[in-house]
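Chain by chain, the residues:
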Amino acid sequence: MSLDARERLIVALDVPSVAAGEAMVGRLGDAVRFYKIGYQLAFAGGLPFAARLVASGKRVFLDLKLHDIGNTVAKGVESVAQMGATFLTVHAYPQTMKAAVEGKQGSKLRILAVTVLTSYDDADLAAAGYEMSVKELAAARAAQARDIGVDGLVCSPEEAASLRDIAGPGMVLVTPGIRPAGSVTGDQKRIMTPARAIEAGANYLVVGRPVLEAREPKAVADAIVAEIEQTAKSQGV
Ligand code: C5P
């Protein structure tokens, strides 16, 4: 899967308002082509803003992690597809994934499954009634996602290599938890540099605070793209 390095950086617009989002998109200019919008901005006017970003030529990843009865998921996904988003997350329950794949038919939208939330450990899964470890459940759900025809998975860079074995070459792997060398880690515990994540098989990197909180966000974004480009070239990916 050969991609322009600049298409592979997704900046997480984790900001409280559309005004703050617009200001950041303005500062980043041509350096960033792909933005992720999550709960915080989506529920603060971020959906019409997402549509405007699409109209201005940017790509949008709606990180809404849908999960509901199949009919509701399918109809919701149809609406997301119509607004022109590129990626949408859903929780990796078979019914939900099947409905999402059905809802995006005929559009360019790609569905990404979240296997197990990274805030969950084995004890949290047991408390939720599961009799599997995080590793087992993540692997099982990744295989289900592949079999159902989901387009990709969101995973930590550390999981990328083992999930690639399950997902095969056709699924996209999108990894948050990226920290350019020398940046503050924040609350991310399992982190990798852009270069290591690309080497591990990630197709897209999601980066939030290292860009948003930088004094020169555009320079940080450019440096990440350069690192992606260099690594991808040396790897032939
Ligand atoms: O600021 P930072 O680079 O840590 O942002 C990472 C983005 O990726 C956030 O929007 C966060 O919600 C998301 N994310 C994550 N870890 C996961 C899944 C998603 O950090 N396991």
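Residues numbered from 1 in each chain as written. Predicted model: local features only at pLDDT ≥ 70, side-chain atom pairs only at ≥ 80, totals over all residues. Heavy atoms only, no water.

## A few points about the overall build of the protein chain
Phase 1 of the analysis: Check the secondary structure of the protein chain and you find 10 helices and 8 strands.
Phase 2 of the analysis: Its C-alpha atoms give the protein chain a radius of gyration of 17 Å, within 12% of the compact-globule value 18 Å for 237 residues.
Phase 3 of the analysis: If one aligns the C-alpha atoms of the protein chain with their principal axes, the spans along those axes are about 45 × 35 × 35 Å.
Phase 4 of the analysis: Per-residue burial for the protein chain yields a buried fraction of 49% across its 237 residues.
Phase 5 of the analysis: Put simply, 66% of the contacts in the protein chain that link residues at least 6 apart link residues at least 24 apart.
Phase 6 of the analysis: Working note: accessible area of the protein chain is about 11,100 Å², and carbon and sulfur atoms make up 52% of it.
Phase 7 of the analysis: Side chains of the protein chain give 26 positive and 26 negative charges; the mean places of these two sets differ by 5 Å. (Helix = DSSP H or I, 4+ residues; strand = E, 2+ residues; numbered from the N terminus. Rg over C-alpha atoms; globule rule 2.2 N^0.38 Å. Buried < 20%, exposed > 50% of the residue type's maximum accessible area, 1.4 Å probe, protein only. Contact = heavy atoms within 4.5 Å. Areas by Shrake-Rupley, 256 points an atom, 1.4 Å probe, with all protein chains shown as cover. Lys, Arg positive; Asp, Glu negative; His and termini not counted. Charge placed at Lys NZ, Arg CZ, Asp CG, Glu CD.)

## Considerations on the packing of aromatic side chains
Phase 1 of the analysis: Enumeration according to the criterion identifies 5 aromatic pairs in this entry.
Phase 2 of the analysis: Between the aromatic rings of Phe61 and Phe87, the centroid separation amounts to 5.8 Å while the plane-to-plane angle is 85 degrees, which identifies the pairing as edge-to-face. Placement of the pair is Phe61 in strand β3 (residues 59-66) and Phe87 in strand β4 (residues 87-91), with a sequence separation of 26 residues.
Phase 3 of the analysis: You can call Phe61 buried: its relative accessible area is 2%.
Phase 4 of the analysis: Among the aromatic side chains, those forming a connected cluster through ring pairs are Phe34, Phe61, Phe87 and Tyr204.
Phase 5 of the analysis: Between Lys36 and the ring centre of Phe61, over which it is positioned, the NZ or CZ distance is 5.9 Å.
Phase 6 of the analysis: The residue whose ring lies beneath Arg141 is Tyr93, and the NZ or CZ to ring-centre distance is 4.5 Å. (Phe/Tyr/Trp six-rings, centres within 6.5 Å; stacked < 30°, edge-to-face > 60°. Lys NZ or Arg CZ within 6 Å of the ring centre and 35° of its normal.)

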